[in-house]
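# Overview (structure and organization)
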Amino acid sequence: MKLFTDSLHKIAYATDASVYREIPYGVAYPETEEDVRELMRVAREKGVDLIPRAGGTSLAGQVVGSGIVVDISKHWNKIVEINVEERWARVQPGVVRDELNIALKPYGLFFSPETSTSNRCCIGGMFGNNSCGTHSLVYGSTRHHVIAAKGILTDGTVEEFKDYTIKELEERFGETFWKKEQHDSLIEKIYAQLIGFAVDEKTRKLISENYPDKELNRRSCGYAIDETIDTCINLCKLLAGSEGTLAFITEITVSLDPLPPKEIMVVCGHCDTLEKSFEANLVALKHHPTAIELMDGDILQLSKGNVEQQRNRFFVDGDPAALLITELRAENREELDKKAEELERDLLTTGADKYENMSLQTAGAVKRSGLIYKCTRVYGSDVAKVWNLRKAGLGILGGMKGDAKPMGVIEDTAVAPSRLPAYMKDFRQLLDQLGAKCVFYGHISTGELHLRPILNLKTKEGRTLFRKLAKETALLVKKHRGSISGEHGDGRLRGEFIPLLYGEETYELMRQVKQCWDPDGLLNRHKIVDTLPMDSMLRFDEDQQYAVEKIIGTDKTYFNWKAAFDECDAPGATGAKSQTHALMCTIEQCNGAGDCRKSNIIGGTMCPAYKVSGDELKTTRARTNVLREVLTHVGAGPVPARCQWSMIKEVLDSCLACKGCKSECPSNVDMTRLRAEMLQHYYDRHGTSLRSWLVARTTQLEDLCQHIRPLYNFFVTFKPTASLIKKTIGFADERELPRLQKKPATVLHGSTQGTVLHGSTQGEKVWLFLDEFTRNHEPELAEIFISLLSSLGYNVSIPKHTESGRAAISKGCLKRAKKIASQNVKLLKNVVTDQQPLVGLEPSCILSFRDEYPDLVPADLRHEAKTLGCNSLLFDEFLLREIKAGRISRENFDQSPIEIFLHGHCHQKALVGVEVMAEVLRTLLNAKVNVIPSGCCGMAGSFGYEKEHYKTSLEIGEMVLFPTIRKAIPSPLTSQSSPLTLVAAPGTSCRQQILDGTGVKAVHPIEILYTFMK
Ligand SMILES: Cc1cc2nc3c(=O)[nH]c(=O)nc-3n(C[C@H](O)[C@H](O)[C@H](O)COP(=O)(O)OP(=O)(O)OC[C@H]3O[C@@H](n4cnc5c(N)ncnc54)[C@H](O)[C@@H]3O)c2cc1C
Ligand code: SF4
Ligand code: SF4
């Protein structure tokens, strides 16, 4: 096992999802218990500690430190055993929570504790933090579900932890062993200490008087000594929430629950004040819900700006001050509706007298009354969208534009629900006193609210408030007998306030526990006890300075990063001072929440290279961490000046520019764009590589070669010459170079002037964007499009335009891309309108108009570029628009049955969604459309052609895409049986990748529509 001490690893592991940053000594990925023992030996020798780490999604800095970060997620991720009869599962600590539940589903069972991060956090991390979430009202926390665990103690011995009576322990260690002065082993000493606590009246009294209210069913603050010694001695209870400070866990046995009743519904109560939601929660609790969650108006407002979450807001009516979302479950729909009616009646009427004077008129002139003024219901599979929106809350907050951020500092307080209205009253007074603002959301049913004050940690005032809020809130929590951590744990953030909450004497017990288990501070030092000041080692400095201008050698950027900040009107957004400041703030939008660590079992596009390797260094998070670190610290930190650019290059090399992050990252980190910006600055300093130069100019070169097309095609297809070309460029020999096609007369040039090509001049006018890939390689697609639309009565023309610049953007040749973007905007701004849209066939090309152009063109063209972008449509968006307007219908198409396996282009998925295409096909044809749950195909423009990326490219295809296609079309060469089964993909590269990977010729969806045209 290797210990990585290079800068790249250290930087990638210097943060988690918290505000802390500390460069570790090194990083290791153990595979065996012996590896951990070896790491313990090395750590002792070097005088550092081991920091066990799973998904690295902790919010309080649990996995940030100066020691060796031991990432168990890479190799320790097997489900060892599932016992259906006894309802338990034995897993390695790196198993992802949702992946375990996918494996359990066929047995009708599941592991019930959950987190908002459940699709990438691991059972080991959940155990370490005693995690729980939305359904803790019914299922409790991880501590309640760990039956047994296996782990390595700091003396290197392996121990099985579970529930033991004192008698059983005496059988193992000898009668009254716990009274002995000296012990024969560490484990004996550990048990002796806890039995000592259990039998000592004074200690029991201390614990019962100082630990939180028993009514509170969630807490992750300090060591749970009370629960450990409650009836028997159960070390699992103590280890849950111990944050890797006591033992290194290697296996966990968890109890399972039967899957909840099938029928599900959420009642979304709209409140006109936040206070009402706290009281409405108590009303809703009487109706036996399975969960109640809160989202305040500020978060709802922010979700409007998040590409993915816009699709999940369908149930929100207007702009409520808060949404109280109550989940109900039942065996059938009737029972569910009955429950909902009773709940809604109660919510809509309770408090009507009290709030009579506060009633307002809404825009729709509805008289508001009661605690809730409106309820919307969401049923069945749509409920997941509601929870998705709620879960994304924290990530979305990270996307707030500017230096101020909704800060995790008091985000995890919990009090008994009955105490919540009083606690919130005190808390809001505190906010007023301190002049602070806060967003509110969370698991309100169990009294847990994620309070996120908006703070700017780059200022002295922001940092002072950071500390003050933490301390004053801890005092309020103590007053209401709650916990400062309900689920996120203490880490480096809250440890300082444990003595304040529990009292010095109880805290001393906790210190004794740590001392007993880990006398030399070998495991996760300075967490829970003896923590460093909560405002040390923060990600940002006071009066933050950046090295960015020094490194890129200019204060100018190629993209207009500042515009998004200037135009952001979300509450709390602070704007940006300059382009480089905006660039840095964009990078800082990554809060480490780790959505980019989702595996292919979970699905999605982001982040393909991580999905095939399980390597943290290939996540979007690692890329932003490296960019932030290198561009922030001038000559300081772990990056030697000579390595700055090589590190940037290395970490960007595995990015496919698929834009998965643009929509799937809750903070909308757009690595495709960051990558392009940084590559152009790199070329400015180091020159452009031949390959990038050529790829960015492919269209120009191909246009030139049209004159010698036969010769060109000979050279790119004749094996020896083709191999030589590929070798020179750095393309994989296994790939075939695309041939040039003869341009048909109808689409002869792209194009010198807008010419009416087909159809009646009376019909609706449509402009076809004849992208460079279609023009040079598949011109028949353009012909098909024109014929199809002409037959449907449209008047199709190709306006004068140039290439899209997609290849230049993807290779980071932004100087060239800027010129192309400006040229196109100038050529098309007075031509294309809402009524006469520009329609494209190749998603990546046409979507450049909408996505990149407004930020590439000069400021005086921005407005026009944005308007043009809005009127530039993918052909499926256009068709759906026309279907909805009643201008195209299935009457125009043959209704013979067909089955289509549809693979969406990743840019299409990120910006539009593949469902639009599927809907068009389903509406117009008698088609069974199966959207392939694939992410990126792996080709990603030239990525899959590149020699060093060829293998990864195919591996990405092999995750979901290729196997699905092979299953759908087992023998590509034989003729199709009835019904006709086809694979459709609108992306040129995707079709090539499918052919190379499976031998199946995928078609463009427009070809299918054309074939079925009556
Ligand atoms: C957006 C967002 C939302 C969140 N929502 C929730 C929520 O709803 N509920 C909730 O409870 N938490 C939530 N969290 C916090 C976090 O995701 C959870 O605590 C999660 O369980 C941590 O899991 P992980 O795999 O990322 O663990 P990590 O962060 O890697 O580790 C967690 C702790 O476990 C320890 N640990 C890990 N592996 C081992 C091992 N093998 N042996 C010993 N110790 C080990 C670590 O040292 C650390 O102290 C949220 C975080 C984010 C960013
Ligand atoms: S890149 Fe996005 S998804 Fe990944 S950790 Fe950062 S914020 Fe989260
Ligand atoms: S663009 Fe794609 S490959 Fe690159 S960081 Fe984003 S999700 Fe990952």
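Structural notes, computed from the coordinates. (Residues numbered from 1 in each chain as written. Chains lettered and ligands numbered in written order. Predicted model: local features only at pLDDT ≥ 70, side-chain atom pairs only at ≥ 80, totals over all residues. Heavy atoms only, no water.)

## Quick notes on the overall build of the protein chain
Which entries qualify depends on this criterion: The secondary structure listing takes helices from DSSP runs of H or I that are at least 4 residues long and strands from runs of E that are at least 2 residues long, numbered from the N terminus. A radius of gyration in this sense is built from C-alpha atoms; the matching globule rule multiplies 2.2 Å by the number of residues raised to 0.38. Note on exposure labels: buried denotes an accessible area under 20% of the residue type's maximum, exposed denotes more than 50%, and partly exposed covers the range between, all computed with a 1.4 Å probe on protein chains only. Contacts are residue-level and defined by heavy atoms, with any inter-residue pair within 4.5 Å sufficient. Computed with the Shrake-Rupley method and a 1.4 Å probe, the accessible areas treat only the protein chains shown as cover for residues. Positive charges come from Lys and Arg alone, negative charges from Asp and Glu alone, with His and the N- and C-terminal ends not counted. Taken as the charge location is NZ of Lys, CZ of Arg, CG of Asp or CD of Glu.
Looking only at helices and strands, the protein chain features 46 helices and 29 strands. Against the compact-globule benchmark of 31 Å for 1014 residues, the protein chain has a radius of gyration of 30 Å, which places it among compact chains. Expressed as lengths along the three principal axes of its C-alpha atoms, the size of the protein chain is roughly 95 × 70 × 60 Å. Of all 1014 residues assigned to the protein chain, the portion counted as buried reaches 63%. Considering only intrachain contacts with a sequence separation of at least 6, the fraction spanning at least 24 residues in the protein chain is 76%. Total accessible area on the protein chain is roughly 37,700 Å²; 51% of this is exposed by carbon and sulfur atoms. Looking at the protein chain, you have 128 positive and 131 negative side-chain charges, and the mean spots of the two groups are 5 Å apart.

## Considerations on the packing of helix H25 (residues 620-632) against helix H26 (residues 644-653)
Applicable threshold: Note on method: axes are straight lines fitted to C-alpha atoms, helices fitted across the in-contact stretch only, with angles between N-to-C directions ranging 0 to 180 degrees. Working rule for angles: under 35 degrees goes down as roughly parallel, over 145 as roughly antiparallel, 65 to 115 as roughly perpendicular, anything else as oblique. Take the far helix as your reference; a near helix turned counterclockwise from it by less than a right angle gives a left-handed crossing, and one turned clockwise gives a right-handed crossing. Here the term charged refers only to Asp, Glu, Lys and Arg, the term nonpolar to Ala, Val, Leu, Ile, Met, Phe, Trp, Tyr, Cys and Pro, and the term polar to all other amino acids, Gly among them.
Packing of H25 against H26 leaves a shortest axis separation of 9 Å and a crossing angle of 165 degrees. When the interaxial angle is binned, H25 and H26 end up roughly antiparallel. When the axes of H25 and H26 are compared, the crossing they make is left-handed. Residues Ala 622, Arg 623, Val 626, Leu 627, Val 630 and Leu 631 of H25 form the contact with H26, whose own contacting residues are Gln 644, Met 647, Ile 648, Val 651 and Leu 652. Here the contact of H25 with H26 is composed, by residue class, of nine nonpolar, one polar and one charged.

## What to know about the site of ligand 3
Selection rule: Note on definitions. A residue lies near a molecule or strand when any single heavy atom of the residue is within 4 Å of it.
With respect to spatial proximity, 14 residues lie near ligand 3, and among them Cys 607, Arg 623, Cys 655, Cys 658 and Cys 661 are the closest. Of all the secondary structure elements, the ones that give two or more residues to the shell around ligand 3 are H25, helix H27 (660-664) and helix H28 (671-686).

## Some thoughts on the pairing of strand S21 (residues 448-455)
Keep this limit in mind: Strand pairing is assigned whenever DSSP identifies at least 2 bridges connecting the two strands.
With eight of eight residues buried, S21 is to be regarded as a mostly interior element. Two strands pair when backbone bridges link them, and strand S18 (residues 405-406) and S21 are joined in this way by two bridges, in the antiparallel orientation. Looking at the pairing, Lys 405 lines up with Leu 455 of S21. Across three bridges, strand S19 (residues 410-414) lies against S21 in antiparallel orientation. In the sheet register, Thr 413 faces S21, and the bridge partner there is Leu 449.

## Quick word on the packing of aromatic side chains
The cut-off we apply is this: Stacked, edge-to-face and tilted labels apply to pairs of Phe, Tyr and Trp rings (six-membered ring for Trp) whose centres lie within 6.5 Å, assigned for plane angles under 30 degrees, over 60, and everything in between, in that order. Consider the ring centre and the ring normal. A charge sits over the ring if Lys NZ or Arg CZ is within 6 Å of that centre and within 35 degrees of that normal.
If you walk through the whole model with that rule in mind, you get 21 aromatic pairs. Residues Phe 559 and Trp 561 carry aromatic rings whose centres are separated by 5.7 Å and whose planes lie at 70 degrees to one another, so their mutual orientation is edge-to-face. Taking the relative accessible area as the measure of exposure, Phe 559 reaches 1% and is therefore buried. By relative accessible area, which is 6% here, Trp 561 ends up buried. Among the aromatic residues, those joined into a cluster by ring pairs are Tyr 164, Phe 173, Phe 177 and Tyr 191. The ring centre of Phe 540 lies 5.1 Å from the NZ or CZ of Lys 458, which sits over that ring.

## Section: the packing of helix H36 (residues 814-828) against helix H39 (residues 859-870)
A packed helix pair is summarised by two numbers, namely the angle formed by the two axes and the spacing between the axes. Interaxial distance between H36 and H39 falls to 10 Å at its minimum, and their mutual angle equals 75 degrees. With respect to H39, the element H36 is oriented roughly perpendicular. Of the residues in H39, those touching H36 at Ser 822, Asn 824, Val 825, Lys 826 and Leu 828 are Leu 861, Glu 864, Ala 865 and Leu 868. Its residues assigned to classes, the contact of H36 with H39 shows five nonpolar, two polar and two charged.

## With respect to a negative patch on the surface
Which entries qualify depends on this criterion: Only residues above 30% relative accessible area that lack a salt bridge enter a patch, with like-charged residues linked at up to 9 Å and the nonpolar side chains Val, Leu, Ile, Met, Phe, Trp and Tyr linked at up to 5 Å. One speaks of a salt bridge when a side-chain nitrogen belonging to Lys or Arg is within 4 Å of a carboxyl oxygen belonging to Asp or Glu.
Taken together, the side chains of Glu 461, Asp 541, Glu 542 and Asp 543 present a region of like negative charge at the surface. Structurally, Glu 542 can be placed in the loop between helix H20 (504-517) and helix H21 (548-552). The partly exposed category is assigned to Glu 542, whose relative accessible area is 41%.

## Quick notes on the site of ligand 2
Rules: Buriedness for pockets is judged along seven lines, at least five of which must meet protein on both sides within 12 Å for an open set on the 1 Å grid over protein atoms alone, while cavities are sets there where a 1.4 Å probe fits but cannot get out, and lining residues have an atom within 4 Å of a point. To be counted as sitting in a cavity or pocket, a molecule needs more than half of its atoms within 2 Å of that site's grid points.
The immediate surroundings of ligand 2 are formed by 13 residues, with Cys 590, Gly 594, Asp 595, Cys 596 and Cys 665 found nearest. Judged by the proximity of its atoms to the pocket grid, ligand 2 belongs to the largest cavity. For the shell around ligand 2, the per-class residue count stands at six nonpolar, five polar and two charged.

## Topic: the pairing of strand S9 (residues 158-161)
Across the two faces of S9 the burial differs, with Glu 159 and Phe 161 buried and Val 158 and Glu 160 not buried at all. In sequence, strand S8 (residues 146-152) turns back onto S9 through a hairpin of five residues, with Gly 156 there showing a positive phi of about 90 degrees.

## Overview of the sheet that holds strand S28 (residues 927-931)
The strand order S28-S27-S29 describes an open sheet built from three strands, whose pairing is parallel. Looking at the sheet topology across the chains shown, the edges are occupied by S28 and strand S29 (980-984). When the angles between neighbouring strand axes are averaged without regard to direction, this sheet yields 20 degrees. Both strand S27 (residues 898-902) and S28 contribute to a ladder of five bridges, which runs parallel.

## Quick notes on the side chain of Thr 632
This is how the line gets drawn: Each polar contact in these results corresponds to two N or O atoms within 3.5 Å; when the atoms are within protein, one needs to be able to donate a hydrogen and the other to accept it, and residues that are neighboring in sequence are counted only if both atoms are side-chain atoms.
Summarising the element assignment, Thr 632 is placed in helix H25. Within the structure, the side chain of Thr 632 is placed 2.5 Å from the backbone oxygen of Arg 628, a separation counted as a polar contact. Not counting residues within four places of it along the chain, the set of residues in contact with Thr 632 comprises Gln 544, Gln 545, Tyr 546, Ala 547 and Met 584.

## Section: the nonpolar core
The test is simple: Only buried Ala, Val, Leu, Ile, Met, Phe, Trp, Tyr and Cys residues count toward a nonpolar core, and they belong to the same one when joined by side-chain atoms within 4.5 Å.
In this structure, Phe 785, Leu 789, Phe 875, Phe 893, Leu 925 and Leu 1009 are the most contacted members of the largest nonpolar core, which totals 124 residues. Beyond its immediate chain neighbours, meaning those up to four positions away, Leu 789 contacts Val 766, Tyr 794, Val 796, Phe 878 and Leu 879. The next biggest cluster of nonpolar side chains, apart from the first, holds 114 residues, and it includes Ala 247, Val 409, Leu 449 and Leu 493.

## Here we look at the environment of Leu 788
Along the chain, Leu 788 turns up in helix H34 (residues 779-791). Relative accessible area serves as the criterion here: at 0%, Leu 788 is assigned to the buried category. Separated by 219 residues in the primary sequence, Leu 788 and Glu 1007 place their C-alpha atoms 9.4 Å from one another. Setting aside its immediate chain neighbours within four residues, Leu 788 contacts Phe 893, Ile 1006, Leu 1009, Tyr 1010 and Met 1013.

## A few points about the pattern of salt bridges
Side chains carrying opposite charge are able to pair once their charged atoms draw close together. This structure, assessed with the given rule, holds 80 salt bridges. Across the pair Asp 184 and Lys 180 runs a salt bridge whose closest N-O atoms are separated by 3.9 Å. Look at Asp 184 and you get exposed, because its relative accessible area is 69%. Measuring nitrogen to oxygen at the nearest pair gives 3.2 Å for the salt bridge that ties Glu 448 to Arg 218. Linking Glu 448 in strand S21 with Arg 218 in the loop between helix H8 (201-210) and helix H9 (225-228), this pair joins segments that are 230 residues apart in sequence. When its relative accessible area of 0% is taken as the criterion, Arg 218 is described as buried. Within this structure, Glu 567, Lys 659, Lys 662, Asp 670, Arg 673, Arg 806, Asp 851, Glu 852, Asp 855, Arg 862 and Lys 866 form a network of salt bridges that share partners.

## Some words on H36
Note the threshold: A helix is expected to span 1.5 Å multiplied by its residue count minus one.
Between its first and last C-alpha atoms H36 spans 20 Å; for 15 residues at 1.5 Å apiece the expected length is 21 Å, and the two agree. When H36 is considered as a whole, its buried residues turn out to be Leu 814, Arg 816, Ala 817, Ile 820, Ala 821, Ser 822, Asn 824, Val 825 and Leu 828.

## Details of empty space enclosed by the protein
Remark: the empty space left among the atoms is shown by a probe the size of a water molecule rolled over them. The cut-off we apply is this: Grid points are joined across faces, edges and corners, and a volume is the space filled by probe spheres set on the points.
Scanning all chains against the criterion turns up eight cavities of 30 Å³ or more. Its volume calculated, the largest cavity comes out at about 120 Å³. Residue lining of the largest cavity: 16 residues in total, with Cys 590, Ala 593, Gly 594, Cys 596 and Cys 665 positioned closest to the centre. Partitioned by chemical class, the residues of the lining of the largest cavity number seven nonpolar, seven polar and two charged.

## With respect to the sheet that holds strand S2 (residues 26-28)
If you trace the four strands from one edge of the open sheet to the other, you get S1-S2-S4-S3, paired in mixed fashion. At either margin of the open sheet sits one strand with a lone partner, and together these are strand S1 (3-4) and strand S3 (50-53). Summarising the sheet, S2 and strand S4 (residues 68-71) pair through three bridges and their orientation is parallel. Paired with Ala 28 across the bridge in S4 is Val 70.

## What about the side chain of Ser 872?
By the secondary structure assignment, Ser 872 is in strand S26 (residues 872-874). The exposure class assigned to Ser 872 is buried, which follows from its relative accessible area of 0%. Separated by 2.7 Å, the side chain of Ser 872 and the backbone oxygen of Leu 868 make a polar contact.

## Re unusual backbone geometry
The linkage connecting Met 606 with the following residue, Cys 607, adopts the cis geometry, with an omega of -5 degrees. Relative to the helices and strands, Cys 607 resides in the loop between helix H23 (579-588) and helix H24 (608-613). Unlike most non-glycine residues, Asn 524 shows phi in positive territory, near 35 degrees. Along the polypeptide, Asn 524 turns up in the loop between H20 and H21. Among the residues examined, Asn 524 registers a relative accessible area of 1% and is labelled buried.

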